[in-house]
Amino acid sequence: MPNEQNRRPSKVTPQPGGRSPRRKPGQEQSQTVIIPQLSPEVLEKARRAAAEGKTPQQVEQETVAAAEQAARERAAQQTPPAAKPAQPAQKKTARKTRQEAEEELYQSIHDDHLWLNNPVMVRGLGLAPIVAMAINGSYAMMLCAAAVLLLTATRVLAVAVCHLTGNRFRALVYAFSAAVVYIPAYLILYQWFGSDLALLGVYLPMMVVEPVIIKRMEATELESVGEAFRRGINNTVGLCIAILLVGALRELLGSGTVFGRTVFSFAPLPLASQPAGGFLLLGFLAAVWTAVGGAYVHYKQEEVRHLYVNRKH
């Protein structure tokens, strides 16, 4: 058994003047008091150490160390776990009102120039060159290339000039911008298509004053150059989809081919290659297009209404 006297703290000799001895810097008194207890496991370890032939001092040191280790483990188990730091409350996402949801829906419809607000099928722009010259895929491809070179560049240039002139003389600015852009556009088109470009006749230079290009001059608000570029691209893509669709269908119905490849051995509707057939076909396509788009818009509006039907706003 360990000697209790060896584990008693030595008596502290008071300093002269009644002062207690000073602690060395860096030494702090422990706040946790560990009381060793002789558990059966500790006694068993002491018996094993004695059986191994160790000296009483070694047995006593190992017994004390084992008792202190057991006391530390019990103290660690009794210590409550540290509280986790409180996490900041997540911000609640503001719910949109019905009016805000409807305005967002109408804005998305207005910005969709490919399907829901197509410049040809919905707004009826660019009809003259499409009806007169988009009689097959080759002519439609040339008109589409002309629209790509003219529409976006004209809109961006006109908006930039309007920023300089204070948004005055919009009609002249858009007309002259289209005329300026047409010169390099014609040179590029001639490099692409050669003398076949003359087949478009007067309808190619008519693109300069085509409403699909200069209709933006009617708006009183002045958009930014970046917004003009984005909307110009959307209008160009929507216009090209309509031109290629009409040209391919007229070639298929008028001659039984699509871009020169034979699909039918006969012409299902020869009238489609004439201007009258072009008007009829384009009117039918526009009616179907707007009907499908209107059904989709109605579905989205009903979806918003059912979503906010039980809300006050």
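Here the structure is a predicted model, which is why all the values come from computation and not from measurement.

Considerations on the pattern of salt bridges
Thinking step 1. All told, the structure shown has six salt bridges when counted by the stated rule.
Thinking step 2. Here glutamate 223 ties to arginine 155 by a salt bridge, and the two come within 2.9 Å at their closest N and O atoms. Taken together, the residues span a long stretch of sequence, with glutamate 223 in the loop between helix 7 (211-214) and helix 8 (225-255) and arginine 155 in helix 5 (residues 137-165) at a distance of 68 residues.
Thinking step 3. Given the relative accessible area of 6%, glutamate 223 is considered buried.
Thinking step 4. Look at arginine 155 and you get buried, because its relative accessible area is 8%.
Thinking step 5. The partner of glutamate 302 in a salt bridge is arginine 305, and the shortest N-O contact between them spans 2.8 Å. Of this pair, glutamate 302 and arginine 305 both sit in helix 9 (residues 275-307), separated by three residues, roughly a single helical turn.

What about the confidence of the model for the protein chain?
Thinking step 1. Of all residues in the protein chain, 75% have pLDDT values of 70 or greater, and the mean over the chain is 80.
Thinking step 2. Ignoring residues within four places in sequence, the model shows residues 24-30, a span with pLDDT below 50, making one contact including any to other chains.
Thinking step 3. Low confidence marks residues 89-93, where pLDDT is under 50. Its contacts with residues over four positions away, or in another chain, come to zero contacts.

Brief notes about the packing of helix 8 against helix 9
Thinking step 1. Put simply, helix 8 and helix 9 touch, their axes get as near as 11 Å, and they point 125° apart. With respect to each other, helix 8 and helix 9 are oriented oblique. Every pair of crossing elements has a handedness; the one defined by helix 8 and helix 9 is right-handed. Contacts between helix 8 and helix 9 involve Ile241, Leu245, Val246, Leu249, Arg250 and Leu253 on the former and, on the latter, Pro275, Gly278, Leu281, Leu282, Leu285 and Trp289.
Thinking step 2. A class-by-class count of the residues in the contact of helix 8 with helix 9 yields ten nonpolar, one polar and one charged.

Topic: the side chain of arginine 250
Thinking step 1. Among the secondary structure elements, arginine 250 is positioned in helix 8.
Thinking step 2. Lacking a salt bridge, the buried arginine 250 has glutamate 251 as its closest oppositely charged neighbour, with an N-O distance of 10 Å.
Thinking step 3. The residues contacting arginine 250, other than those within four sequence positions of it, are Ile130, Val131, Ala134, Ile135, Ser255, Ala272, Ser273, Gln274, Pro275, Gly278 and Leu281.

Calculation criteria
Residues numbered from 1 in each chain as written. Predicted model: local features only at pLDDT ≥ 70, side-chain atom pairs only at ≥ 80, totals over all residues. Heavy atoms only, no water. Salt bridge = Lys/Arg side-chain N within 4 Å of Asp/Glu carboxyl O. Helix = DSSP H or I, 4+ residues; strand = E, 2+ residues; numbered from the N terminus. Buried < 20%, exposed > 50% of the residue type's maximum accessible area, 1.4 Å probe, protein only. pLDDT = per-residue confidence, 0-100. Contact = heavy atoms within 4.5 Å. Axes fitted to C-alpha atoms, helices over the stretch in contact; angles between N-to-C directions. Parallel < 35°, antiparallel > 145°, perpendicular 65-115°, else oblique. Left-handed = near helix turned anticlockwise from the far one by under 90°. Nonpolar A, V, L, I, M, F, W, Y, C, P; charged D, E, K, R; others polar. Lys, Arg positive; Asp, Glu negative; His and termini not counted.

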